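Here is how the chains run, residue by residue.
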Amino acid sequence: IRRINPSIPEKTIDETVLKIATVSHPSLEIANKETYKLLTEGVRLEVKNEAGEKRGAIVRIFDFENPLNNEFLAVNQFAIQGVDKVRRPDVVVFINGIPIAIFELKSPTSESGTVRSAFNQLQEYKKDIPDIFKYNQVLVVSDLMDARHGTISSSWEWFSKWRGIESEEEKHKNEPPLEILVKGIFHKARFLDIIENFIVFEADSENDTAKFTKKMCLYHQYFGVNKAINETLRAAGPKGNKKIGVFWHTQGSGKSISMVFYVNKAKRLETLKSPTFLFLTDRNDLDNQFYKVFLRTGYSTLAKQAET
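Parameters and conventions
Residues numbered from 1 in each chain as written. Predicted model: local features only at pLDDT ≥ 70, side-chain atom pairs only at ≥ 80, totals over all residues. Heavy atoms only, no water. Buried < 20%, exposed > 50% of the residue type's maximum accessible area, 1.4 Å probe, protein only. Helix = DSSP H or I, 4+ residues; strand = E, 2+ residues; numbered from the N terminus. Pairing = 2+ DSSP bridges. Contact = heavy atoms within 4.5 Å. Salt bridge = Lys/Arg side-chain N within 4 Å of Asp/Glu carboxyl O. Expected span 1.5 Å × (residues − 1). Phe/Tyr/Trp six-rings, centres within 6.5 Å; stacked < 30°, edge-to-face > 60°. Axes fitted to C-alpha atoms, helices over the stretch in contact; angles between N-to-C directions. Parallel < 35°, antiparallel > 145°, perpendicular 65-115°, else oblique. Left-handed = near helix turned anticlockwise from the far one by under 90°. Nonpolar A, V, L, I, M, F, W, Y, C, P; charged D, E, K, R; others polar.

**Here's the deal with the pairing of strand β8 (residues 138-142)**
- Here β8 lies mainly inside the structure; five of its five residues are buried.
- Neither face of β8 is exposed, since V138, V140 and S142 on one face and L139 and V141 on the opposite face are all buried.
- Bridging between β8 and strand β9 (residues 147-150) involves four bridges; their strand directions are antiparallel. By the bridge assignment, V140 is partnered in β9 with H149.

Next comes the structure, spelled out in structure tokens:
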């Protein structure tokens with residue numbers, strides 16, 4: 001934190017660490033949501049300048065602009081003192097000391113140790129060592145030949161395979177799925193991109209609610225949205241033709257959430273200068289569904305639906 005925020009006083013750094021370490025809420029999902037906001041938006045604190053005047057400051061936890069300015073660490077059999085017992089997840093991935101990902105791995109030769117049993121073990125960990133899950137962004141289960149990722153909210157049905165390292169169009173015949181997932185998601189710059197732009201907390205209703213489902217992009221959403229972002233920059237540039245292209249989805253593959261990811265990332269691009277997004281739909285039910293997804297994923301005060 002000191003290196004990423006060189007102008008911040010030492011006392012403020014201590015306050016920042018304390019604020020991250022003491023996030024607490026009876027609901028693990030809401031504690032995770034509050035922590036996610038601190039990790040991605042920074043910790044807002046007041047600092048005194050040399051004249052003794054107070055001013056607001058944002059202390060960054062991750063350096064998203066310069067991925068290699070962060071410290072990455074993967075630890076095997078990391079021991080955690082739980083409520084009643086010590087638990088040792090197989091692999092814990094840290095960024096700047098924050099436990100961001102947990103792997104639960106099973107042997108490919110074991111009949112009882114399946115990826116489903118690895119998923120079940122993670123559910124037990126949530127009860128036994130809940131504190132580490134406040135910071136978690138990705139959960140991975142694998143037996144080498146099957147590898148899937150999800151979030152702390154994901155049911156087994158939503159633990160998904162990751163296909164592709166640099167593109168969704170790659171053909172991988174001989175590489176183990178775990179290798180593709182690790183190289184695909186956990187490439188340092190890509191992993192930080194996923195954390196910053198491709199995770200949402202979807203409320204269970206459009207009104208005030210205390211229940212959220214944490215969702216992370218699927219591989220086709222990640223690669224597709226980034227292609228659209230690159231084409232947006234090209235099309236909107238000085239020599240651009242103002243045409244971005246076609247973003248194609250099959251039915252049920254997450255069109256609305258893809259558009260949320262697209263807006264999440266495009267709105268941060270300095271060259272676009274905080275753009276307004278206009279969505280045209282060809283069906284009323286799609287229009288309503290689309291609007292509600294934006295309301296439920298953090299755009300409740302910004303999203304507007306045209307009346308005609």
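From this point, the narrative continues.
**Considerations on the environment of G113**
- Locating G113 in the fold gives a position in the loop between β7 (98-105) and α3 (115-128).
- According to the relative accessible area criterion, G113 is buried, its value standing at 10%.
- Taking the C-alpha atoms as reference points, G113 and S142, 29 residues apart in sequence, are found 9.8 Å from one another.
- Contacts of G113, omitting those with residues within four sequence positions, involve K106 and S107.

**Thoughts on the pattern of salt bridges**
- Counting across every chain of the model gives 19 salt bridges.
- With its nearest N and O atoms 3.9 Å apart, the salt bridge here joins K134 to D131.
- A relative accessible area of 51% means that D131 is categorised as exposed.
- Ionic contacts of the salt-bridge type, sharing partners, join the residues D146, R148 and K161 into one network.

**Let's talk about helix α2 (residues 28-41)**
- Counted at 1.5 Å a residue, the expected span for α2 with its 14 residues is 20 Å, and the 20 Å between its end C-alpha atoms agrees.
- Inspection of α2 places L28, I30, A31, N32, T35, Y36, L38, L39 and T40 among the buried residues, and these make up the whole buried set.
- At the C-terminal side of α2, G42 shows a positive phi close to 90°.

**With respect to the packing of aromatic side chains**
- Under the criterion given, the structure shown has 18 aromatic pairs.
- For the pair W162 and Y222, a centre-to-centre distance of 6.1 Å together with 50° between the ring planes defines the contact as tilted. Of this pair, W162 sits in the loop between β9 and α5 (177-185) while Y222 sits in helix α7 (residues 219-236), and the two are 60 residues apart along the sequence. By the burial criterion, W162 is buried, and Y222 matches it.
- Cluster of aromatic residues (ring-pair linked, three or more members): W162, F198, Y222, F223 and F261.

**Some thoughts on unusual backbone geometry**
- In the Ramachandran plot, K242 falls in the positive-phi region, its phi being about 65° despite a non-glycine side chain.
- Locating K242 in the fold gives a position in the loop between α7 and α8 (255-266).
- Note on K242: relative accessible area 60%, which makes it exposed.
- Positive phi outside glycine occurs at K273, with the angle close to 55°.
- When its relative accessible area of 70% is taken as the criterion, K273 is described as exposed.

**Some words on the packing of α7 against α8**
- Where α7 meets α8, the closest approach of the two axes is 10 Å, and the angle between their N-to-C directions is 45°. In terms of their interaxial angle, α7 and α8 are classed as oblique. Relative to α8, α7 is oriented so that their crossing is right-handed. Between α7 and α8, the contacting residues are Q221, V225, N226, A228, I229 and T232 on the first element and I257, S258, F261, Y262, K265 and A266 on the second.
- Considered class by class, the residues forming the contact of α7 with α8 number seven nonpolar, four polar and one charged.

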